[in-house]
Amino acid sequence: MSGRKPRLPIPKEELLAPGHRACAGCGSALCVRLCLKALGRNTIVVTSTGCIEVTTTPYPETAWEVPWIHVAFENAAAVASGVERALKALDREDVTVAVFSGDGGTVDIGFQALSGMAERGHNVVYICYDNEAYMNTGVQRSGATPPYAATTTTPAGKVWRGEMRPKKDMPRIMVDHGVPYVATACISHPQDLIKKVEKAKETDGPAYIHVLCPCPPGWGYDSSETVEIGELAVDTGMWVLYEVEDGEFRLTYRPRERKPVEEYLKRQKRFQHLTEEEIEEIQRMVDEQWEELERLERER
Amino acid sequence: MSEMEYTIGAVIKEPGSTRRNKTGRWRVFRPVLDEDKCVGCARCFMFCPDGCVRPAEDAFKIDYEYCKGCGICAKVCPVDAIEMVLEEEME
Ligand SMILES: Cc1ncc(C[n+]2csc(CCOP(=O)(O)OP(=O)(O)O)c2C)c(N)n1
Ligand code: SF4
Ligand code: SF4
Ligand code: SF4
Ligand SMILES: [Mg+2]
């Protein structure tokens, strides 16, 4: 393309500086970089303890180009609620308040803080970057770890076959709180993600976006494959892209033909122990979930 | 050990100061972009977790000061315009 000025499908401005310590190929760092493009400079970010907090702010350095605050693992939503109220008191409601919190910081330990934030109706964009385990402390399972995934606390053996619980359906739980804008997204679909963050930003009241973020060391694949793994999650139906606006459900992406889940599973070390029967069981779960989502679409 | 000055509340006053940390040192493989092959789709720019692919006047340029060599840009390029080359093999 030599000679032509590059045209960009997403905003050019970078609000996450390089030099951060996230692993090469980190899906969560990519998620933050993309979301910040949609949030813009006039934003205050709150982050819970976890990979993103640790890798972006090795004291006395920070990768953030916007005001940023970290307090603890469990209370990002409570801190964001306070920041939002303070801005209201100062008559500075033009400022966007956003949270980046991991799956552990969202579906487990930060759950009640988030529930309270939703209940009180704070005008906050809450983004859960879901790498499906407690990565910062060495890949312990969380409520968002998918069935059969091996983690350091759910190792695969003869009796335990990896994670034995369903993945907690956090977006649905947020819909049930009456949150006006809820969406799922994946780093493999940046334009879809950015559009959703823009909508969340425009929402009056709380908005919740749950972003699947593949993690090379935690899931066990090569750092170059992060986007491909995300695409496979979406194309197999293991991860579904949708939004729920004022209670109304809409798929935002429909794979032309759903690929077998095996194509996603066999690429990752955390699923290497699966037998054919277990893969079939996961396929059945995905098929059932997809039918349910198709029903929701039809009801619209 | 050098002495570090601590701020109250661990406040960091310089936005984007991780730029002091040149993560290009981490790299084993170097992404080399062939501008003649490139069709300008911007996928490498979109997907770099470190924001190291930048649009310049007439092409995309890779910032080797910070590029960690993850290989995502090469993998997502639809026309194989980016090649991962072992650092030792670069002259
Ligand atoms: C109250 C408390 N318990 C435990 C920890 C240790 N800890 C720090 S980060 C983390 C896991 C974070 O997991 P997640 O929210 O999924 O983020 P990730 O690291 O995966 O990005 C844990 C257990 C802590 N900081 N505070
Ligand atoms: S462990 Fe995973 S989530 Fe954490 S920095 Fe590395 S790639 Fe990112
Ligand atoms: S190799 Fe990775 S870090 Fe380097 S430019 Fe490509 S995507 Fe960015
Ligand atoms: S992904 Fe390939 S074709 Fe597209 S802009 Fe980058 S180098 Fe050019
Ligand atoms: Mg996590």
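The coordinates are above.
A. View of the packing of helix H1 (residues 27–39) of chain A against helix H7 (residues 190–202) of chain A. Residues and elements named next belong to chain A. Between H1 and H7, the shortest axis-to-axis distance is 8 Å and the interhelical angle comes to 45°. In this view, H1 runs oblique relative to H7, as classed from their interaxial angle. Read as a crossing pair, H1 and H7 show a hand that is right-handed. Residues Leu34, Cys35, Ala38 and Leu39 of H1 lie in contact with H7, whose contacting residues are Pro190, Leu193, Ile194, Val197, Glu198 and Lys201. Of the residues that constitute the contact of H1 with H7, the class distribution is 8 nonpolar, no polar and 2 charged.

B. Seen up close, the layout of surface pockets. Of the volumes computed, that of the largest pocket is approximately 910 Å³. Lining the largest pocket we find 38 residues, and of these A:Lys167, A:Asp169, A:Met238, A:Trp239 and A:Gln289 sit closest to its centre. When residues of the lining of the largest pocket are traced back to their parent elements, those giving at least two are helix H6 (170–176), strand E6 (207–212), strand E7 (242–245) and helix H11 (276–299) of chain A. Of all the elements, H11(A) adds the most residues to the lining of the largest pocket, at 8 residues. Tallied by class, the residues present in the lining of the largest pocket amount to 23 nonpolar, 5 polar and 10 charged. Roughly 400 Å³ of volume is contained in the second largest pocket. In terms of lining residues, the second largest pocket is bounded by 18 residues, among which A:Trp68, A:Ile69, B:Ala10, B:Val11 and B:Ile12 are the most central. Counting residues per element, the lining of the second largest pocket draws most heavily on strand E2 (residues 68–70) of chain A, which supplies 3 residues. By residue class, the composition of the lining of the second largest pocket is 10 nonpolar, 4 polar and 4 charged.

C. Focus on the site of ligand 3. Around ligand 3, the structure places B:Pro31, B:Cys48, B:Cys52, B:Val53, B:Ile62, B:Cys67, B:Lys68, B:Gly69, B:Cys70, B:Gly71, B:Ile72 and B:Cys73. Taken together, the residues of the shell around ligand 3 break down into 9 nonpolar, 2 polar and 1 charged.

D. Expanded view of the packing of aromatic side chains. All names here are of chain A. All chains considered together, the criterion is met by 8 aromatic pairs over all chains. When the centroid spacing of 5.7 Å and the interplanar angle of 20° are considered together, the rings of Tyr126 and Tyr208 count as stacked. Taken together, the residues Tyr126 in strand E4 (residues 125–130) and Tyr208 in strand E6 connect sequence positions 82 residues apart. In terms of burial, Tyr126 and Tyr208 fall into one category: buried. Pairwise contacts between aromatic rings join Trp64, Trp68 and Phe100 into one cluster.

E. Focus on a nonpolar patch on the surface. A cluster of nonpolar side chains, contributed by A:Val159, A:Trp160 and A:Met164, occupies part of the molecular surface with about 360 Å² of accessible area. Tracing the backbone through its elements, the reader meets A:Val159 in the loop between E4 and H6.

Cut-offs used in this document
Residues numbered from 1 in each chain as written. Chains lettered and ligands numbered in written order. Predicted model: local features only at pLDDT ≥ 70, side-chain atom pairs only at ≥ 80, totals over all residues. Heavy atoms only, no water. Axes fitted to C-alpha atoms, helices over the stretch in contact; angles between N-to-C directions. Helix = DSSP H or I, 4+ residues; strand = E, 2+ residues; numbered from the N terminus. Parallel < 35°, antiparallel > 145°, perpendicular 65-115°, else oblique. Left-handed = near helix turned anticlockwise from the far one by under 90°. Contact = heavy atoms within 4.5 Å. Nonpolar A, V, L, I, M, F, W, Y, C, P; charged D, E, K, R; others polar. 1 Å grid on protein atoms, 1.4 Å probe; cavity = no way out; pocket = protein on both sides within 12 Å on 5 of 7 lines; lining within 4 Å. Points joined across faces, edges and corners; volume = space filled by probe spheres on them. Near = heavy atom within 4 Å. Phe/Tyr/Trp six-rings, centres within 6.5 Å; stacked < 30°, edge-to-face > 60°. Buried < 20%, exposed > 50% of the residue type's maximum accessible area, 1.4 Å probe, protein only. Patch = residues over 30% accessible without salt bridge, like charges linked within 9 Å, V, L, I, M, F, W, Y side chains within 5 Å. Areas by Shrake-Rupley, 256 points an atom, 1.4 Å probe, with all protein chains shown as cover. Salt bridge = Lys/Arg side-chain N within 4 Å of Asp/Glu carboxyl O.

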